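Results of the structural survey
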Amino acid sequence: MRNNRLRIGARNDGVPHHADIAVNGRFSVLCLWTLIALPMGLVIAADLQLIPDAVEPGERFVVRVVPAANRDVAEVRASVLGNPVKFYPRAHTWKGLAAINAGAQVKDTPVYVKVFYKDGTSFQDIVTVGIRPKRFPTQNIRMSSSKTGLMDPGLLRQEREQLYSHLANSQPEPLWNGAFIAPCTGRNVSSFGRRRYVNGAWWGQHSGADIACATGTPAKADNAGIIVLAETLQMRGNTIVIDHGFNVFSLYNHLSSIHVEIGDSVQKEEVVGKAGATGFVTGPHLHWEIRIGTIPVNPWTWTQGELVL
Ligand SMILES: [Zn+2]
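Residues numbered from 1 in each chain as written. Predicted model: local features only at pLDDT ≥ 70, side-chain atom pairs only at ≥ 80, totals over all residues. Heavy atoms only, no water.

Here's the deal with the pairing of strand 3 (residues 47-51)
Alternating positions in strand 3 separate cleanly, Leu-48 and Leu-50 being buried on one face and Asp-47, Gln-49 and Ile-51 remaining unburied on the opposite face. Pairing between strand 3 and strand 5 (residues 60-66): five bridges, direction antiparallel. Its bridge partner being in strand 5, Asp-47 is matched across the sheet by Val-66. (Buried < 20%, exposed > 50% of the residue type's maximum accessible area, 1.4 Å probe, protein only. Helix = DSSP H or I, 4+ residues; strand = E, 2+ residues; numbered from the N terminus. Pairing = 2+ DSSP bridges.)

And the structure:
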């Protein structure tokens, strides 16, 4: 792993250094004799790691925080590209899943991390995540005039806010088991991240994968979780959102029917609805998303192996 740490903050050797000292949320540079005189309990650094430390736009990484020994953590906060990262306790560490927006144009970007200890002290650090270049293909879509009435910014905003309200809280434990599966079998007709124009106007990057499944094809849960949304939206059509825990959600759109209700626990491969063509579509398909919080990520990555936290 390359060294992605900036100068502020903890080092990895377990030996206290000047910059490791933070008391009451402020960094204090102390001369060596002061450091030696301090009881070890005041050295409240934390060790930070990004796994992996470089990703493509639209991909995820884990922020792993190992708190100072014998210190109880109250909360860990972090942000990357302005997006907050949610942390959950895991054994002796705290971990958060972070994602880089598919539209990110930067090469490397800082991850700001702050650890709040229960004794009122805190520690903050900055680590850098590498962003590998990726070019997403462009797609031009012709939408019939019967659907273009849905291309209303106010409607889009309202639906986005409604969706986000269901992505605000997640189960604190990962509920998934093994790799995720595609909800139905079919051609991948529009891949994640495509740069889309609708009737010649910029529309945005594709937030999911479109799988060519005929109307009525069973849509299976891509992994275990709890249903947090099951209703008809104007753009997204009949929609299901599954909370997989740890701030991971999957979304199914344009379904012809919904077979679950909010609060239902679902197992991987359980049928949750049927593919269809409801909402803003040119034809039947299943639009499948995986999001970390509100950030869409490439769902196919999740089918390639289990994310172990
Ligand atoms: Zn789609």
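This is not the end of the story, as more comes after the structure.
Digging into the coordination of the zinc ion
Ligation of the zinc ion by protein atoms is provided by His-206 (NE2), Asp-210 (OD) and His-287 (ND1), these donors lying 1.9 to 2.2 Å from the ion. Sequence positions of the residues that donate to the zinc ion give the spacing H-x3-D-x76-H. Of this pair, Asp-210 sits in strand 16 (residues 209-211) while His-287 sits in strand 24 (residues 286-292), and the two are 77 residues apart along the sequence. Take Asp-210: its relative accessible area is 6%, and that puts it in the buried class. Look at His-287 and you get buried, because its relative accessible area is 8%. (Donors = N, O, S within 2.8 Å, 3.2 Å for Na, K, Ca; no water.)

Thoughts on the state of the cysteines
This model, assessed by the stated rule, comprises one disulfide. Two residues, Cys-184 and Cys-213, share a disulfide whose sulfurs are 1.9 Å apart. Its torsion about the S-S bond being 100 degrees, the disulfide of Cys-184 and Cys-213 is classed as right-handed. Highlighted residues: Cys-184 in the loop between helix 2 (153-165) and strand 13 (188-190) and Cys-213 in the loop between strand 16 and strand 17 (218-220), separated in sequence by 29 residues. Overall, the relative accessible area of 3% leaves Cys-213 in the buried class. (Disulfide = S-S within 2.5 Å.)

Some details on the environment of Leu-156
Mapped onto the elements of the fold, Leu-156 is located in helix 2. Considering only alpha carbons, one finds Leu-156 and Arg-236, 80 residues apart in sequence, at a separation of 10.0 Å. Every residue in contact with Leu-156, bar those within four places of it in the chain, is listed here: Trp-203 and Met-235. (Contact = heavy atoms within 4.5 Å.)

All quantities given are derived from atomic positions and should not be read as evidence of function.
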